Structures are given as structure tokens and as C-alpha cells.
Amino acid sequence: MTRLANIPAIAWAILAFAAWRSTELLNAWRHSPLDRLGWIAFLLWLTPVAASFAKPSLPGLHPAAPWFLGASLAASIFGVLADFNTAHYVGLSCAIAALGGWSWRHALWFAAAITWMPAFSWAGQDLPRPALIGARIVATSIACAPLLGFLVFTKPRPSLP
């Protein structure tokens, strides 16, 4: 049985809401010259989550998931009220972190979510474009490596009959 079956519907609903509120991210990735390859960092950032779904020995949600889901909902609602897109993106990253089963110990991976957000481009706008793209990819890869190593090298728990 995969982890997908163990995730409650409310977690999927919060993820859907956060993703819907983050659709402006797609426009930034398509039209903004500095954000054009941010989707690559996003896909890299998602690899530990995808790997965790493929690992049947991991539980459905980590005990920290309600905190991440609450933070996702709060950030998304704040983004709606304040018309602040970065809050929507933070909400999306929190919802994904909840589904990934991560705890606050994975702070480096969670912090690397900034690499796929337009705020990263804004902060690095004085860098040449190739350096900014390289920084995105390298920072995301470094942050994801420990989680991927954990998922790859952790032996599955024995299943009960």
C-alpha cells in the first residue's frame, strides 16, 4: 500500500486550494526573464516528495503535518486578503511539505522552496541570469540531497501479516 492512500481528504483539499491560489507562479515562469527556469527548481524540490510516495514503508502523514496544513491555509488566506502572491507560494510549499511527511527537521529542504519562487529572482536580480539560474539549481539540489539519501538508503519496515 502506498502512502497516497493514507493521506486524508482535507490535506488534498488544502493542497488544491494552495495550488489554485498559486497559479500566478505559472505566468511568472513563462513570462518573467529572471523566473523563466524556476520550474526546474520546483521539480527538483518536489523529488523527495515523489520519492516518499513511492516508498510504501513510510507513514501517510507526519505528526507535524497539521501544523504545515494550518500554515498553508493561513498563508493562502493571508495571500488572498493582502493580495500578496508570495504568501500563496509559501502556502503551496507548506501544503506540499505536509503531504511529503516531513517534519521541522527538514528545515533546509523546506527553506529551499524560496528557490522556485519569484522572490528568489527579485533578491538576486543584480546577478547575471546564468548565475541566478545556477544558484537556483545548486541550492535546490543541495537542500534535496539529504532527504533523497534518506529515502534511498532507508530499509523498509517489515510489514505485519
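Keep in mind it's a predicted model, so treat the numbers as computed, not measured.

Structural notes on the packing of aromatic side chains
Right, so step 1: Throughout the structure, instances matching the rule amount to seven aromatic pairs.
Right, so step 2: Taking the centre distance of 5.5 Å and the plane angle of 45 degrees together, the rings of W29 and F42 count as tilted. One end of the pair, W29, is in helix 2 (residues 24–31); the other, F42, is in helix 3 (residues 38–54), with 13 residues separating them in the sequence.
Right, so step 3: Note on F78 and F84: the rings are 6.2 Å apart at their centroids and 75 degrees apart in plane angle, and the pair reads as edge-to-face.
Right, so step 4: Using a relative accessible area of 47% as the deciding quantity, one classes F78 as partly exposed.

Side note on the side chain of R136
Right, so step 1: For R136, the location among the structural elements is in helix 8 (residues 129–153).
Right, so step 2: For R136, a relative accessible area of 1% translates into the label buried.
Right, so step 3: If we ignore the near neighbours within four places in the chain, the residues touching R136 are L34, D35, L37, G38, A41, T115, W116, M117, F120 and S121.

Brief notes about the nonpolar core
Right, so step 1: Formed by 31 residues in total, the largest nonpolar core has its most connected members in W45, L92, I96, W109 and W116.
Right, so step 2: Here this core gets eight residues from one element, more than from any other, and that element is helix 5 (residues 85–100).
Right, so step 3: Residue contacts for L92: discarding those within four places in its chain leaves L15, A18, A19, S22, F42 and W116.

Observations regarding the pattern of salt bridges
Right, so step 1: Considering all chains together, one arrives at one salt bridge under this definition.
Right, so step 2: Put simply, D35 and R136 hold a salt bridge, and the shortest N to O gap is 3.0 Å. With a gap of 101 residues between them, D35 in the loop between helix 2 and helix 3 and R136 in helix 8 connect regions that are remote in the sequence. We note that D35, like R136, is buried.

Some words on helix 5
Right, so step 1: With 16 residues, helix 5 extends 23 Å from end C-alpha to end C-alpha; this agrees with the ideal 22 Å at 1.5 Å per step.
Right, so step 2: For helix 5, the buried fraction is high: 13 of the 16 residues fall into the buried class.

Comments concerning the side chain of T115
Right, so step 1: For T115, the position within the fold is in the loop between helix 6 (107–111) and helix 7 (118–123).
Right, so step 2: Within the structure, T115 has its side chain in polar contact with the backbone oxygen of A112 (distance 2.6 Å).
Right, so step 3: Every residue in contact with T115, bar those within four places of it in the chain, is listed here: A41, F120, R136, A139 and T140.

Considerations on a nonpolar patch on the surface
Right, so step 1: On the surface, L73, I77, V80 and L81 cluster together into a nonpolar patch covering about 360 Å² of accessible area.
Right, so step 2: Looking at where L81 falls in the secondary structure, it is placed in helix 4 (residues 65–82).

A few points about the packing of helix 1 (residues 9–21) against helix 5
Right, so step 1: Between helix 1 and helix 5, the shortest axis-to-axis distance is 8 Å and the interhelical angle comes to 150 degrees. In terms of axis orientation, helix 1 runs roughly antiparallel to helix 5. Handedness of the helix 1/helix 5 crossing: left-handed. For the pair helix 1 and helix 5, contact is made by A11, W12, I14, L15, A18, A19 and R21 and by H88, G91, L92, A95, I96 and L99, respectively.

Some details on unusual backbone geometry
Right, so step 1: Although it is not a glycine, D83 adopts a positive phi angle of roughly 50 degrees.
Right, so step 2: For D83, the position within the fold is in the loop between helix 4 and helix 5.

Thresholds, definitions, all that
Residues numbered from 1 in each chain as written. Predicted model: local features only at pLDDT ≥ 70, side-chain atom pairs only at ≥ 80, totals over all residues. Heavy atoms only, no water. Phe/Tyr/Trp six-rings, centres within 6.5 Å; stacked < 30°, edge-to-face > 60°. Helix = DSSP H or I, 4+ residues; strand = E, 2+ residues; numbered from the N terminus. Buried < 20%, exposed > 50% of the residue type's maximum accessible area, 1.4 Å probe, protein only. Contact = heavy atoms within 4.5 Å. Core = buried A, V, L, I, M, F, W, Y, C linked by side-chain atoms within 4.5 Å. Salt bridge = Lys/Arg side-chain N within 4 Å of Asp/Glu carboxyl O. Expected span 1.5 Å × (residues − 1). Polar contact = N/O pair within 3.5 Å; in protein donor to acceptor, adjacent residues only side chain to side chain. Patch = residues over 30% accessible without salt bridge, like charges linked within 9 Å, V, L, I, M, F, W, Y side chains within 5 Å. Areas by Shrake-Rupley, 256 points an atom, 1.4 Å probe, with all protein chains shown as cover. Axes fitted to C-alpha atoms, helices over the stretch in contact; angles between N-to-C directions. Parallel < 35°, antiparallel > 145°, perpendicular 65-115°, else oblique. Left-handed = near helix turned anticlockwise from the far one by under 90°.

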